[in-house]
Structure formats: structure tokens, C-alpha cells
Amino acid sequence: MARMRATAVAHPNVALIKYWGKRDDGEANLPAVDSLSITLGAMQSRSTVAFDPEFADDELWLNGRRAPGEQARLTACLDALRSLAGIGWRARVESRNDFPTGAGLASSASGYAALTVAAAAALGIPAGEPRLVDIARIGSGSAPRSLYGGFVRLEQHGEQTRCRSLLAAADWPLEVVVAVTTEAPKATSSRDGMRLSRDSSPYYPAWLQTQPADLAAAEASIATRDFPALAELAEHNCLKMHAVMLTTRPPLLYWSPATLACLQAIQQWRRDGLPVFFTVDAGPQVKAVCEPAAAAEIEQRLAAIPGVLRTIRGGLGEGARLLTGDD
Ligand code: 2P0
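Since the model is a prediction, treat every value here as computed from it, not as a measurement.

Calculation rules
- Residues numbered from 1 in each chain as written.
- Predicted model: local features only at pLDDT ≥ 70, side-chain atom pairs only at ≥ 80, totals over all residues.
- Heavy atoms only, no water.
- 1 Å grid on protein atoms, 1.4 Å probe; cavity = no way out; pocket = protein on both sides within 12 Å on 5 of 7 lines; lining within 4 Å.
- Points joined across faces, edges and corners; volume = space filled by probe spheres on them.
- Helix = DSSP H or I, 4+ residues; strand = E, 2+ residues; numbered from the N terminus.
- Buried < 20%, exposed > 50% of the residue type's maximum accessible area, 1.4 Å probe, protein only.
- Pairing = 2+ DSSP bridges.
- Core = buried A, V, L, I, M, F, W, Y, C linked by side-chain atoms within 4.5 Å.
- Contact = heavy atoms within 4.5 Å.
- Domains from an automatic or database assignment.
- Buried area = accessible area lost by both parts, 1.4 Å probe.
- Salt bridge = Lys/Arg side-chain N within 4 Å of Asp/Glu carboxyl O.
- Polar contact = N/O pair within 3.5 Å; in protein donor to acceptor, adjacent residues only side chain to side chain.
- Nonpolar A, V, L, I, M, F, W, Y, C, P; charged D, E, K, R; others polar.
- Arc of directions from axis to C-beta.

(A) Molecular detail of the layout of surface pockets. There is about 270 Å³ of room inside the second largest pocket. Considering the residues around the second largest pocket, the lining is formed by 14 residues, among which Val117, Ala127, Gly128, Leu132 and Leu147 are closest to the centre. The set of elements that each furnish at least two residues to the lining of the second largest pocket consists of α2 (107-122) and α3 (131-139). Take the lining of the second largest pocket: its biggest share by element is 3 residues, from α2.

Set out below in C-alpha cells:
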């Protein structure tokens, strides 16, 4: 039988109400909190998956290089797909990101979303199969959000993850400017960092306890397109997550001096009347979310901050999709 092969693309996403923490250390990778994100149209992962009876083991090639560190979660994700399809063949996965990898730009989210869609298609699993959301989550807890476009809420119901698109990208066309302050991968992976935070931060219980209220308020502000309310909430939730990270033992300090300079500048710009707010993930990059009319000005200002290497600007994106022969 011929080898089975497909290619898909997915965009990274940035959470406005963050996911930080896991229920347990199991392979299912169940998040301890629900989260809410926007999908970023300006960056993209592209993943080709080929299953072949001749392959001895699964292989991931990331940006042209073997990525043995990914083996456990790669095979866990592919095993779930193989079991769904009733096919045992091993796979070769080739994934490329057109943006920095492993540096707090959600490359694992877009990478595993693209991989899940491509592998499912290669195995003949229908695109609407609801278990694909859970399979993407095994690869990366934030990957299910990248299966969808626009404003996305991820909810954990027992063992099952559910994602909902709250608004399509075109329904509230915000823009995001990413200030890249390093191209280097982070020292502590999100997966290790989350485990350390759960086990040692005294603020972790408060993080879990206050998340539902942040989610409800953010969802309400999105429904009414209330930018100032969403701005206040997203910055609060981001800083609360970083307070948990900072109080982890050993501490997780993901920021650089340029990160802090951007945060303080963005706060000042908003006080001055510009519609912009910040969010920061497990890395030193700053994402400035703004109304489209302000985006060019924000990008210019961020680029001028010492330590900002470059900026990436774009609107909100669509969900993951399969590429056909014409793409
Ligand atoms: C988020 N992050 O909600 C949060 C905010 C980072 C900070 O989801 O262990 O790569 O693979 O489930 O999805 C990054 O964590 O972690 C992340 P795993 P993932 O976007």
C-alpha cells in the first residue's frame, strides 16, 4: 500500500486568559485551568505527516533538524491518532515555523495543531472528528486553541477538552504587534515550569481559584467588544500568571529588561489614550494587542525600544487547515 501523507498549516495563538498548570503528570496532559485566546494570523507552522509501513519509529524534523526531545509527546499524539484509525504505521513529521521556535511564541501550539490536522487527514480520519481536540492537547495544552480562528475559549470537562469560537476573526478585527526581544529558546519549558509552579508556588491555589471569574469577565467583554475592559483583564491575568512563575522554586523569570520596558511603555500609551494592552507568555517576547487604527503607531514605538530586535505585526487568523495540492 502506498504511503499516506498530508500537509496542514496552523497559526499560533496568544492567550488573553492564560493556561498555566496541569491536573496531573499523566500523558493526557490535562490543563488545570480553562483559557481564552486569540489566533494570530501573522505567523504560521506548516506540518507534513507521512505514515509508511517501512518506518521503524516516529521521527520529527523541526525546521530541518531532528527533534529527539519531542519524541515522547510526538509518539503519544500519533499513537492516539493511530488507535482512532486502526493503523499501526510509524510516521515522519516535517514541521516548519516562519517565526522563532520555543521562545514564547506558541510554536508548539501551532505545530501540534498543524500536525494533528495533517496526520488525521493522512490516516483518513474525518476533519470533524471531535476527539482531534483531545489529541492536539496531548501534544501541547494550548494546541487545541490553534485548531480554531478568532477568539477561542478552551474548556476542560473531565478528560475531554472542548473549544468554542467566541467571535470570528472578522467580527472584532484586533491586531497584534509582537516585540521580539530574543530569538533564543527559553531555559525552562512550559511543561517543566507548570509542574514546578504547581508544586512550589504559594500563589498557585489563588491562581486556580480566581481563573473562572477572569474567564467569565473576559468572555463578557468580548461579547460587547469592550476594549478597555478586556485590556484591564488581560493584563491582570498575565501579571497574575507571572506572579505564580516568579514565586515558583526555582523561580521562573522569563522576562528580559526589554520585556519590562515594553510593558511600562504600553501602560503609559494606554493612559495617553492609545487602544493597546500587553500580554507575555513563557518567554521574553511582548505581544501588544491593539485596535487596527493604532497598530502602525504601536509597531513603530515598540521597534524603537532598546532591546527590541524586531517586530511582527498582523491581524487575527483562522483555524488550522489542510493544504490541497494547489496550495
Ligand atoms: C498559554 N502558555 O495559555 C500559556 C501561557 C505559556 C504561558 O500554553 O506543556 O506549550 O505543551 O501543554 O501549551 C504554553 O504551554 O504547554 C502555554 P504544554 P504549552 O498560552
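Let's pick the thread back up.
(B) Local environment of the pairing of strand β8 (residues 151-157). Among the 7 residues in β8, 6 count as buried, and that is most of the element. Pairing of strand β3 (residues 35-39) with β8 involves 4 bridges; the strand directions are antiparallel. Looking at the pairing, serine 35 lines up with leucine 154 of β8. Where β8 and strand β9 (residues 160-167) come together, 7 bridges link them in antiparallel fashion. Counted as the bridge partner of arginine 153 is arginine 164 from β9. The antiparallel pairing of β8 with β9 creates a hairpin that spans 2 residues between the two strands, and glycine 158 there sits at a positive phi of about 60°.

(C) Spatial organisation of the nonpolar core. In this structure, Val49, Phe51, Leu78, Leu81 and Leu115 are the most contacted members of the largest nonpolar core, which totals 36 residues. Elements with a contribution of two residues or more to this core: β1 (4-10), β4 (45-52), α1 (71-85), β7 (90-97), α2, α3 and β8. Those residues in contact with leucine 78 that lie beyond four places of it in its chain are Phe51, Asp58, Ala91, Val93, Leu115 and Ala119. Counting residues in hydrophobic clusters, the runner-up holds 30 residues, among them Leu16, Trp172, Phe227 and Ala231.

(D) Main features of unusual backbone geometry. The linkage connecting arginine 249 with the following residue, proline 250, adopts the cis geometry, with an omega of -10°. In this structure, proline 250 sits in the loop between α7 (227-246) and α8 (257-271). Positive phi, close to 55°, is recorded for asparagine 29, a residue that is not glycine. The topology assignment puts asparagine 29 in the loop between β2 (13-17) and β3. For asparagine 29, a relative accessible area of 3% gives the class buried. We note that asparagine 63 has phi near 50°; this positive angle belongs to a residue other than glycine. You can call asparagine 63 partly exposed: its relative accessible area is 31%.

(E) Layout of the domain arrangement of the chain. Here the domain parsing of the chain yields domain 1 (4-171) and domain 2 (175-315). The straight-line distance from the C-alpha centre of domain 1 to that of domain 2 is 23 Å. Contact residues are listed per partner, giving 40 residues for domain 1 and 49 residues for domain 2. Interface of domain 1 and domain 2: buried area, both sides summed, is about 3400 Å²; carbon and sulfur atoms make up 65% of it. The three residues of domain 1 that bury the most area against domain 2 are Ile17, Lys18 and Trp20, which together make up 26% of that side's buried surface. Remark: the boundary between domain 1 and domain 2 carries 5 salt bridges. A salt bridge links aspartate 281 to lysine 18, with the nearest nitrogen and oxygen atoms 2.6 Å apart. Taken together, the links from domain 1 to domain 2 amount to 14 residue pairs in polar contact (both at pLDDT 80 or more). Of the residues contributing to the side of domain 1 that touches domain 2, the split by class is 20 nonpolar, 10 polar and 10 charged.

(F) Layout of helix α5 (residues 190-200). For α5, the set of buried residues is Gly193, Met194 and Ser197. Down the axis of α5, the buried set is contained in an arc of 100°. They therefore lie on one face. Elements in contact with the buried residues of α5: α6 (204-223) and α7.

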